[in-house]
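Spelled out, the chains give:
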Amino acid sequence: MYLHLGANYVINDKDILGIFDIETTTVSPITNKYLSLAQKSHKVVYTTYDLPRSFVVCSEKGKTTVYVTQYNTSTLIKREMKF
């Protein structure tokens, strides 16, 4: 199955490592460091210019990508569980 993240971004749900709420997870310095390193390594993809609400960490063929999206984690999980 596939999960639509916004704009033209669709990912295979088998590649998802985690779906995280930005507001609650960025309180942690470890998460901030991880996102900062991912940004510097050009591994972050913004699916919207709107206010980001969550990020999805994916691994496809050994390559990790962080997708930042405007959708809530609950919305993304409902979309994934729908099928």
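Look above for the structure.
Caption draft 1: The sheet that holds strand 5 (residues 54-60), seen in detail. Strand order in the open sheet formed by four strands is 3-5-6-4, with mixed pairing between adjacent strands. Two strands bound the open sheet, and with one partner strand each, they are strand 3 (16-21) and strand 4 (44-46). Going from strand to strand, the sheet's axes swing by 20° on average, the running direction of each strand aside. Taken together, the seven bridges between strand 5 and strand 6 (residues 63-69) define a ladder with antiparallel strand orientation. Residue pairing across strands places S59 opposite T64, the latter belonging to strand 6. Sheet strands in contact with helix 3 (residues 73-81) are strand 3, strand 5 and strand 6, and its direction is about 145° off that of strand 3.

Cut-offs and rules
Residues numbered from 1 in each chain as written. Predicted model: local features only at pLDDT ≥ 70, side-chain atom pairs only at ≥ 80, totals over all residues. Heavy atoms only, no water. Pairing = 2+ DSSP bridges. Helix = DSSP H or I, 4+ residues; strand = E, 2+ residues; numbered from the N terminus. Axes fitted to C-alpha atoms, helices over the stretch in contact; angles between N-to-C directions. Contact = heavy atoms within 4.5 Å.

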